Amino acid sequence: MRFSPSHPTTISIPQLRATLNGRVIAPDDAGYDQARTVFYGGIDRQPAVIVRTADATEVSQVVSLARETGMELAVRSGGHSIAGHSVSDGGIVLDLSDMRALHIDAGRRTAWAQTGLTAGEYTAAAGAYGLATGFGDTGSVGIGGITLGGGVGYLVRTHGLTIDDLLAAEVVTAAGQLLRTDAETHPDLFWAIRGGGGNFGVATRFQFRLHQVDRVVGGILILPATPDVIGSFVAEAEAAPEELSTIANVMPAPPLPFVPAEHHGKLVVMAMLVHAGALEAGDRAVAPFRALATPLADMVRPMPYPEIYPPDEEEYHPVATGRTMFVDAVDRGAAEAIVDHLRAATAPMAVAQLRALGGAMARVPAEATAFAHRGRRIMVNVAAVYERADEAAVHQAWVSGLAAVLHQGDGGAYVGFLGEDGQARIREAYPGSTWDRLVAVKGRYDPTNLFRLNHNILPTPPKEAAPG
Ligand SMILES: Cc1cc2nc3c(=O)[nH]c(=O)nc-3n(C[C@H](O)[C@H](O)[C@H](O)COP(=O)(O)OP(=O)(O)OC[C@H]3O[C@@H](n4cnc5c(N)ncnc54)[C@H](O)[C@@H]3O)c2cc1C
């Protein structure tokens, strides 16, 4: 399929339909509005076409179409980009959601997964074998985006980041070439896609390592949000055995059926705990958290690991603003600031999320992958979720205010949680020599910056022609 570069931005929908087996969705089609909707609300972009590719060959064709027409290319896996990067205004959306094949080799404990799968789908299928690869805290997030960013979730202290279990990948480059990459084959590309996001090509398949994670001790524990509880929670989370990973959301208690009505809307620590080890050891590991205060709700129990992802709410499209950073400690002053700021928040839902890191994640050398924050102890995400996009300024100011108080030293940033934060924050996601290496790899695999609708790494500028 060739399109004339002399007519940029013109594509023939009938020609595309005739060429591809995958679904081609154009602005006049009935499913167009649904297909251009992404997870976050307030993002209303109108792509010229959305192509749900059927296989890697078609991915290559669509990449070539973008290159030859000069049209903007958005790549979509699960559609959860916080910056709305998975939908283009006027360009092409390459939507991987029909590519969901998964082949699990239970004997070898590996899986080949197409990148249209969500974390929840992959986890449910692997769970049938008592096996798991760690993703994040939300089942509807696509394995495409979360893996390329790093992947910090319920198994982070036990088994590391998602990328620490990535064994190989198949990637369609800007030239339309399908490459297999692993530690030995195109190792520069394999290094860069482990944390460098969608800058280097379209990942069509990942090969993951699986771990034996059958029944875990896990679930929601809700505690009152006092500065003491917040500070002690983080201290216990850091001191806990590595089998235990926690995510503490300090936020107003949602009206969940198991939360007594008198606590709804009150500030709580809504924590998710997962202990991936022996069940009795799990009970012991969770005990110190239960002892921090009388729990307002305690749903922590032995359960099959996939149950950690409740069913998705398909029509939930929040408008949100946030700030991500790393800190070395949550001391008394920080815990007080969290409580004070959350009490003063005007957003219907405001949250300070605290994730104790360390364990397996910290044992990987910082230079081994493009995620370089291996030594950071705690990830903090401050966010406000609200209803009307025109309220953004006030909530952004609130987020900035709390983030400024919590900021310590080199704040750093996790690329997976960056929104439209600007180039300086992208640099913070890739400290030191990581940035220079990424720029060089980008120059090799995407010299014209075809893959630019992302947290963009500009390729090395082309060398000037020698005089004469
Ligand atoms: C509710 C929610 C909870 C989250 N929780 C966590 C968490 O616990 N841990 C964590 O680490 N992150 C978390 N994240 C962040 C999440 O990992 C990123 O937003 C991620 O990019 C989403 O992936 P996606 O495939 O769903 O998104 P998409 O919007 O489809 O993709 C995001 C971007 O990634 C790139 N991309 C996606 N797939 C491919 C591909 N196959 N090839 C090339 N480029 C691709 C593209 O640049 C695309 O624009 C969360 C996000 C949300 C919204």
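Residues numbered from 1 in each chain as written. Predicted model: local features only at pLDDT ≥ 70, side-chain atom pairs only at ≥ 80, totals over all residues. Heavy atoms only, no water.

## Overview of the pattern of salt bridges
Proximity of charged atoms lets side chains of opposite charge pair with each other.
Stage number 1. In the structure shown here, the tally under the stated rule is 24 salt bridges.
Stage number 2. Between Arg-355 and Asp-137 there is a salt bridge; the shortest N-O distance is 3.1 Å. Pair noted here: Arg-355 is in strand 18 (residues 349-356) and Asp-137 is in the loop between strand 7 (131-132) and helix 5 (143-149), with a separation of 218 residues, a long-range link.
Stage number 3. Residue classification places Arg-355 among the buried residues on the basis of a relative accessible area of 2%. (Salt bridge = Lys/Arg side-chain N within 4 Å of Asp/Glu carboxyl O. Helix = DSSP H or I, 4+ residues; strand = E, 2+ residues; numbered from the N terminus. Buried < 20%, exposed > 50% of the residue type's maximum accessible area, 1.4 Å probe, protein only.)

## A word on unusual backbone geometry
Stage number 1. Phi at Arg-109 takes a positive value of approximately 55°, unusual for a residue other than glycine.
Stage number 2. Mapped onto the fold, Arg-109 is located in the loop between strand 5 (102-105) and strand 6 (110-114).
Stage number 3. Exposure remark for Arg-109: the relative accessible area of 35% places this residue in the partly exposed category.
Stage number 4. Residues other than glycine seldom take positive phi values, yet Asn-449 does so here, at roughly 60°.
Stage number 5. Looking at the secondary structure, you find Asn-449 in the segment after helix 14 (433-445).
Stage number 6. Relative accessible area serves as the criterion here: at 8%, Asn-449 is assigned to the buried category.

## A short note on the site of the ligand
Stage number 1. Among the 34 residues in the neighbourhood of the ligand, the closest are listed as Ser-77, Gly-79, Ser-86, Val-152 and Tyr-414.
Stage number 2. Here Val-75 contributes a backbone N or O atom positioned 3.4 Å from an oxygen atom of the ligand.
Stage number 3. Within the contact set of the ligand, an oxygen atom lies 3.0 Å away from a side-chain nitrogen or oxygen of Arg-355.
Stage number 4. The protein chains hide 93% of the 940 Å² of surface that the ligand would expose on its own. (Near = heavy atom within 4 Å. Polar contact = N/O pair within 3.5 Å; in protein donor to acceptor, adjacent residues only side chain to side chain. Areas by Shrake-Rupley, 256 points an atom, 1.4 Å probe, with all protein chains shown as cover.)

## Quick look at the packing of helix 8 (residues 227-239) against helix 10 (residues 332-344)
Stage number 1. Packing of helix 8 against helix 10 leaves a shortest axis separation of 8 Å and a crossing angle of 125°. The pairing of helix 8 with helix 10 is recorded here as oblique in orientation. Along this stretch, helix 8 crosses helix 10, giving a crossing that reads as right-handed. Contacts from Pro-227, Asp-228, Ile-230 and Gly-231 of helix 8 reach helix 10 at Arg-332, Ala-335, Glu-336, Ile-338 and Val-339.
Stage number 2. Here the residues of the contact of helix 8 with helix 10 sort into five nonpolar, one polar and three charged. (Axes fitted to C-alpha atoms, helices over the stretch in contact; angles between N-to-C directions. Parallel < 35°, antiparallel > 145°, perpendicular 65-115°, else oblique. Left-handed = near helix turned anticlockwise from the far one by under 90°. Contact = heavy atoms within 4.5 Å. Nonpolar A, V, L, I, M, F, W, Y, C, P; charged D, E, K, R; others polar.)

## Notes on the pairing of strand 10 (residues 202-209)
Stage number 1. For strand 10, a buried count of six out of eight residues is recorded, marking the element as mostly surrounded by other parts of the structure.
Stage number 2. Here strand 6 pairs with strand 10 via five bridges, running antiparallel. What sits directly across from Thr-110, in strand 10, is Arg-209.
Stage number 3. As paired strands, strand 8 (residues 166-172) and strand 10 are joined by six bridges and run antiparallel to one another. When the sheet's bridge partners are listed, Ala-169 is paired in strand 10 with Phe-206. (Pairing = 2+ DSSP bridges.)

## A short note on the environment of Asp-165
Stage number 1. Position of Asp-165 relative to the elements: it lies in the loop between helix 6 (156-159) and strand 8.
Stage number 2. Sequence separation between Asp-165 and Thr-110 is 55 residues, and the spatial gap between their C-alpha atoms is 9.3 Å.
Stage number 3. Those residues in contact with Asp-165 that sit more than four places away from it in its chain are Thr-133, Gly-134, His-159, Gln-207, Phe-208, Arg-209 and His-211.
Stage number 4. Among the polar contacts made by the side chain of Asp-165, one reaches the side chain of His-211 at a distance of 2.9 Å.

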